[in-house]
Amino acid sequence: MLPEFQSLLPTIQQQTQLAIVLPTVIPTDALVPSDSGPKPYLNVPITADGRFQQVVPHLMIATASHYEISLDATPDCQGDDRCSFGFLSGEQVFQNTPTVASLYAYELKPDFQPMARSPEAMGEVSLTGGITGTFIPFVCGANCDTSKVFWEQSGVRYGVGIRYGSQASLITFANSVIQNERTTP
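Scoring rules and cut-offs
Residues numbered from 1 in each chain as written. Predicted model: local features only at pLDDT ≥ 70, side-chain atom pairs only at ≥ 80, totals over all residues. Heavy atoms only, no water. Helix = DSSP H or I, 4+ residues; strand = E, 2+ residues; numbered from the N terminus. Buried < 20%, exposed > 50% of the residue type's maximum accessible area, 1.4 Å probe, protein only. Lys, Arg positive; Asp, Glu negative; His and termini not counted. Charge placed at Lys NZ, Arg CZ, Asp CG, Glu CD. Phe/Tyr/Trp six-rings, centres within 6.5 Å; stacked < 30°, edge-to-face > 60°. Pairing = 2+ DSSP bridges. Axes fitted to C-alpha atoms, helices over the stretch in contact; angles between N-to-C directions. Contact = heavy atoms within 4.5 Å. Disulfide = S-S within 2.5 Å.

This part covers the overall build of the protein. Looking only at helices and strands, one finds three helices and 11 strands in the protein. Here the protein, with 185 residues, has 45% of them falling under the buried criterion. For the protein, the distance from the average site of its 9 positive side-chain charges to the average site of its 17 negative ones is 3 Å.

Here we take up the packing of aromatic side chains. In this structure the tally under the stated criterion is eight aromatic pairs. Relative to Tyr-164, the ring of Phe-138 has its centre 5.2 Å away and its plane inclined at 70°; by these criteria the two rings are edge-to-face. Of this pair, Phe-138 sits in the loop between β8 (132-136) and β9 (139-140) while Tyr-164 sits in the loop between β11 (156-163) and α3 (167-183), and the two are 26 residues apart along the sequence. Every member of this aromatic cluster is reached through a ring pair, and the members are Tyr-41, Phe-52, Phe-85, Phe-138 and Tyr-164.

With that settled, the discussion passes to the pairing of strand β3 (residues 56-63). Sheet topology places β3 next to strand β4 (residues 66-72); seven bridges connect them, and they run antiparallel. Its bridge partner lying in β4, Val-56 is registered against Asp-72.

The strand order across the open sheet formed by seven strands is β3-β4-β5-β11-β10-β8-β7, and the pairing between neighbours is antiparallel. Two strands in the sheet have a free side with no partner beyond their single neighbour: β3 and β7 (123-126). The average angle at which neighbouring strand axes cross in this sheet is 20°, direction not considered.

As judged from the four bridges shared by β7 and β8, these two strands associate in the antiparallel manner. Opposite Val-125, over in β8, you have Gly-133 as the bridge partner. Counting the residues that bridge the hairpin from β7 to β8 gives five residues, and of these Gly-129 lies at a positive phi of roughly 70°.

What follows concerns the environment of Ser-89. Relative to the helices and strands, Ser-89 resides in strand β5 (residues 84-92). Counting along the chain gives 68 residues from Ser-89 to Val-21, while the straight-line C-alpha distance between them is 8.5 Å. Ignoring anything within four residues of it in the chain, the contact list for Ser-89 reads Tyr-67, Glu-68, Phe-150, Arg-157, Tyr-158 and Gly-159.

Take the state of the cysteines next. Inspection of the entire model under this criterion finds two disulfides. Shown here is the disulfide that connects Cys-77 with Cys-83, its sulfur atoms set 2.2 Å apart. Handedness here is read from the sign of the S-S torsion; for Cys-77 and Cys-83, about 100°, the answer is right-handed. Overall, Cys-77 belongs to the buried group, its relative accessible area being 4%. The disulfide partner of Cys-140 is Cys-144, and the gap between their sulfur atoms is 1.8 Å. Because the sign of the S-S torsion sets the handedness, a value of about 110° for the bond joining Cys-140 and Cys-144 places this disulfide among the right-handed ones. On the basis of relative accessibility, which here comes to 5%, the residue Cys-140 falls in the buried class. Along the protein, the cysteines engaged in disulfide bonds are linked according to the scheme 1-2, 3-4 when indexed in sequence order.

If you want it as structure tokens, here you go:
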């Protein structure tokens, strides 16, 4: 487990009955392409090579059947769009839980015209251990949301997201969660 999560884990474990899965890798690339060259997409401190200087996880939701952790670039962020760059989640799947594809189907409709969008397409992806996930690329309106990968294991839908994330980086992120779950007692 990454050290950033050590203090948060006991709180999550007290509040949810789900298996909590945490990553061993978090994409921290803070740059996006622009006409004038790469620029930071959040107004927070970044390293000389264009990465966030810190990752601060913040517990946003914790119930018996759902948890969500915001990945923030500053300690006082607490999931705010101005400084949050990603998320981790787990949610129990019930018989009437909508599929990921149905939740994001509106993005495939011809009349959905966001201000900007990822060049990558929504669709199934292969994850470690033969698991199939669903990649949801980012779209931009007033703000740009995260690219996401969701997958299901043992009746739980897990998800990871990174703002402006590429499919490859989200697959790496998701695989680190899946592999860590298998090695964590």
